[in-house]
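Residue-level listing of the chains:
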Amino acid sequence: MQKKFGLIGIPILLTFLIVVATGNIELLPDLNTETQTISDVQSQIVSEVQPQIAKAEEQSVREYTLIIEQTDIQISDTAIWHAWTYNGTVPAPTLMVNQGDLLRVRVINNHDVTHSFHAHMSDYDPKHDGSPVNVITGIGAGSMIPPGGEWTYEYNVNTWGTTFFHDHAASEGLGIKDHILQGLYGTILIERNPPRPYIDRHIPIVMSEIGHDVERMEKGPTPYYIMNGKGVPGGEKALEEIFAEKGLDGIVAQFNYTLPVYKAKVGETVEFHVTNLGEQIHSFHLHGNKMFSSTNDRGSVITSQTFPLVQGTLESFIIKPDKPAIWLFHCHVVGHADAGMIGLFIVEE
Amino acid sequence: MQKKFGLIGIPILLTFLIVVATGNIELLPDLNTETQTISDVQSQIVSEVQPQIAKAEEQSVREYTLIIEQTDIQISDTAIWHAWTYNGTVPAPTLMVNQGDLLRVRVINNHDVTHSFHAHMSDYDPKHDGSPVNVITGIGAGSMIPPGGEWTYEYNVNTWGTTFFHDHAASEGLGIKDHILQGLYGTILIERNPPRPYIDRHIPIVMSEIGHDVERMEKGPTPYYIMNGKGVPGGEKALEEIFAEKGLDGIVAQFNYTLPVYKAKVGETVEFHVTNLGEQIHSFHLHGNKMFSSTNDRGSVITSQTFPLVQGTLESFIIKPDKPAIWLFHCHVVGHADAGMIGLFIVEE
Amino acid sequence: MQKKFGLIGIPILLTFLIVVATGNIELLPDLNTETQTISDVQSQIVSEVQPQIAKAEEQSVREYTLIIEQTDIQISDTAIWHAWTYNGTVPAPTLMVNQGDLLRVRVINNHDVTHSFHAHMSDYDPKHDGSPVNVITGIGAGSMIPPGGEWTYEYNVNTWGTTFFHDHAASEGLGIKDHILQGLYGTILIERNPPRPYIDRHIPIVMSEIGHDVERMEKGPTPYYIMNGKGVPGGEKALEEIFAEKGLDGIVAQFNYTLPVYKAKVGETVEFHVTNLGEQIHSFHLHGNKMFSSTNDRGSVITSQTFPLVQGTLESFIIKPDKPAIWLFHCHVVGHADAGMIGLFIVEE
């Protein structure tokens, strides 16, 4: 569904992150026909280039390369999103790094307007801010990367948890918000030191709304509210019509095309990381699972299985699914869910 | 003010929940004339049918019966809300259950479109989800209850605290959000095991906006932002006009008709449970009382006596009023309060 | 930029609060030319009249006098805001008080409509509520202060932390929200007992939107989203144009005129207190600093350097900047930042 581009290097050390499930679903007949269709989820997986130790006794360095360019994404049967991407997907590949590392991100701008990479990190030289202040002060001006340019950003990673990055540039007639909505964002997972080996699987989700450059090839609905770049065009009503017409196969054909689907196995410990990088308020509800907050209020149960996601904030939570099931997750601004901001979490034996 | 319907069974064991105060208000002359008018608050009280122990050494079972049907609610002197209700009130009766119990809720659909009961619980068989996924998978399809049908939902209650339930169905031309806004929601209070005997009184409040099926009998303002189904038509300005014209008696006549009023006694420990099941963002401010959070951040003082209520979230807090007073509570999106989203909390000797 | 009015009394004991920085900026050439232009920040400093001990062995009393009147504020080169103010500034001077004190605030209404002072405090006699309930009950009716009147409000200060105050009156055709948006709000900092001597500097910020009474002298953009009464007219694009035309000097000329600028020194412990008293949702992001929450979840790191600010709520956080830098802070509803809701935090050697 998405044009893959520029996944540079070999993902290593991250096998626990592989979200693509291959097991059969015992209790849910017909659904195992779709296991080959959800490779898109792989877009969540990090593109890791060359982790290396610079010198003995020095800080470990984790390096990534991200290439900014326009990527065409089929968002419905009738519409193409001329998205702007880091490495060809919306969101960008998730960056993994360990607490204590130096994170180094080389960003190459192959697009025709200036972009940047602004990470919500807490310890870095101002020249790596990737914001208009770099232009005004002249310190790190190149971190606002002109077309054809590149910048290598560096961060000391001293806090663990989850955070995110996004473009912080604007171009003529467009605001920073428009640059972000066009797809230039992603999640950073910072592993604790010492690590938390009990987490079997990470599921990063970015809630947002679709960018401005959507081309309709023919008449037809397009998604507006999206999670990880996907939303059901025409909303829940359209999904019902698909089901009425084509049955379960029709629904399965939407898996990770318009309907984000993530899988886990019974007994695993799964951590979700949900960020709102849209311009609207959202909230997040996962059906049927006890959710333990793993951000600010580490360990506490999330009240009523729903948490708020004000613009620009994120929340991580851990679940331990104990039975095979297909569970809905969706924005609990219910009108957004009605409009297609829904997904499935499938727990397999 | 509300047409009472279908309160089945005898409320027992819940005397501490009785919100209807009968004492006089010593410091506040004239207000004791309204004690007989606030029986509406009783709509907050649970309708409990037959709590029973299934077998020796087994899990306690708490059972409720809820009947869905249209209920006409007078929301102003000139308008009727053809609401959709569980058991005749908006919100539904509050369900009480103990941590460790099995909660069993029999829901009968006496309305002419499909409805369901979706509880934000964390441990239940997927067949009791009450969502469109039940239809798609064919597992628990009947939990989306057609007109004339019924379903009995079951939940293992292993977390204590507060949560809520609502309809999760849509009908032709209406979204799930419209079904919820029409009144199909309520609060679930889960008592801790061991219990917290120090809580003298619970006050559940659901903030929302009014549903679509409001009939205006004559010209006149109607409420839009509501708490527990009530809002002051014409907003604060109308209330001022009532006061100017009719004095305190005019205000008292609005008690639990358009103006939600709850009471407690000096020295009691009172727990509020406030949920936002509307489509707008709200926040909640109670004047003049130190509020201790009893949800995520248990025990901490709520900063600035106000907390956020993003769509689909809730917060519980505890106060210990120490003097007779009439305190305002209201949405702190101040425009919502101006439009009538206000209530009174009366502390009596 | 702002007409200063009525700063009564001598600020004492609060030298640590002086936000006006006088040091040079070593790393940032040209910026030290603006040190004399940011005296506006002084509007954040408390106006303290006569702290006194009433009697031996009794509660300490902290007293302030606030005068309500219209104040003309130049908000852009082409527009004047006929704001309503406590003591001539938006926000009002920050009130400082110690946990355990009695806070006494004398408010004089020199404006032509009724106003009040409603503080989000948790222990006070209902007669000091400053709300319409005072009128309805007749208890403390004068706390809704008519033109030419005054009221002295008193609060027992038994919780430490940060809170705020605002007008709670409405006038014909205007809601309470309009009264607040016109500028009648401010922050209260309650020092813990025992105090926290490790805080070197407080920076209170109120996010809001501008009030209704803005007069355009000529054609030109005006700010809408504001922090401490300031916003960049024309938004980020206008700032870029200023920079392109006039360079850094052009930007510096906006310091604390349209662009709020706060300073601290390397090694200091700085506490921000950010409140949303607008009608829109906001969130707050400070670039490049590890933020420790000092409100509800004391001590925890704020996830992703951004926190939500639903209408009517606040958050305090502590940072310890360790290098000279100019950092952006802004609303992370990115469209609000694009529209000018941005500021600078300058860390000097």
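The structure presented is a predicted model; accordingly, all values stated were derived computationally and were not measured. The residue count restarts for each chain, going from 1 along the sequence in the order it is written. Here chains are named by letter from A upward and ligands by number from 1 upward, in the order in which they appear as written. Since the coordinates come from a predicted model, pLDDT governs what is reported: local features require at least 70, and pairs of side-chain atoms require 80 or more to be given and counted, while whole-chain, interface and lining totals use all residues. Neither water nor hydrogens contribute to the side-chain values; these are computed over all heavy atoms in the structure.

Chemist: Please clarify how unusual backbone geometry should be interpreted in this entry.
Modeler: Across the chain, the bulk of peptide bonds are trans and the bulk of non-glycine residues have phi less than zero. Going from B:Asn193 to B:Pro194, the amide bond is cis rather than trans, its omega being 5 degrees. Helix and strand definitions here come from DSSP, where helices need a minimum of 4 consecutive H or I residues and strands a minimum of 2 consecutive E residues; each element is numbered from the N-terminal end. For B:Pro194, the position within the fold is in the loop between β11 (185-191) and β12 (201-209). Cis geometry is adopted by the peptide bond preceding C:Pro91, which originates at C:Val90 and carries an omega value of -5 degrees. Looking at where C:Pro91 falls in the secondary structure, it is placed in the loop between β3 (79-86) and β4 (95-98). A positive phi angle, close to 50 degrees, is found at C:Asn228, a residue other than glycine. Even without glycine at this site, C:Asn256 takes up a positive phi of about 55 degrees. Looking at the secondary structure, you find C:Asn256 in the loop between α3 (235-252) and β15 (261-265).

Chemist: Would you mind showing me how to read the sheet that holds strand β12 (residues 201-209) of chain C here?
Modeler: Two strands are counted as paired when DSSP detects at least two bridges linking them. Ordered by their spatial adjacency, five strands build an open sheet running β14-β12-β16-β20-β18 (chain C), and the pairing between neighbours is mixed. Each edge of the open sheet carries a strand with a single partner, namely β14 (225-227) and β18 (292-293) of chain C.

Chemist: Got a minute to help me understand the interface of chain C and chain B in this structure?
Modeler: Where interface size is given, it is often the accessible area lost as the parts come together that is meant. Contacts are assigned to residue pairs that have any heavy atoms within 4.5 Å of one another. Listed as interface residues are 39 residues of chain C and, on the opposing side, 39 residues of chain B. Buried surface at the junction of chain C and chain B, both sides included, amounts to about 2,900 Å², of which 62% is carbon and sulfur. Salt bridges, as used here, are contacts in which a Lys or Arg side-chain nitrogen is within 4 Å of a carboxyl oxygen on Asp or Glu. Residue B:Lys323 is joined to C:Asp123 by a salt bridge in which the shortest nitrogen-to-oxygen separation is 3.4 Å. Polar contacts here mean pairs of N or O atoms no more than 3.5 Å apart (in protein, one a potential hydrogen donor and the other a potential acceptor; neighbouring residues in sequence count only if both atoms are side-chain atoms). Across the chain C-chain B interface, the total number found is 19 residue pairs in polar contact (both at pLDDT 80 or more). Broken down by secondary-structure element, the contributors of at least two residues to the side of chain C that touches chain B are α1 (132-137), β10 (161-166) and α2 (176-181) of chain C. The element best represented in the side of chain C that touches chain B is α1(C), accounting for five residues. Here the quantity called buried area is the total loss of accessible area, with a 1.4 Å probe, experienced by two parts when brought into contact, counted for both.

Chemist: I keep staring at the interface of chain B and chain A and nothing clicks. Help me out?
Modeler: Each partner contributes residues to the interface: chain B has 39 residues there, and chain A has 39 residues. There are one salt bridge connecting chain B and chain A. The tally of links from chain B across to chain A stands at 19 residue pairs in polar contact (both at pLDDT 80 or more). Residue assignment for the side of chain B that touches chain A shows that the elements contributing at least two residues are α1 (132-137), β10 (161-166) and α2 (176-181) of chain B. Considering every element that reaches the side of chain B that touches chain A, the biggest residue donor is α1(B), with five residues. For the side of chain B that touches chain A, a count of residues per class yields 16 nonpolar, 17 polar and six charged. Each residue is assigned to one of three groups, with Ala, Val, Leu, Ile, Met, Phe, Trp, Tyr, Cys and Pro labelled nonpolar, Asp, Glu, Lys and Arg labelled charged, and all others, Gly among them, labelled polar.

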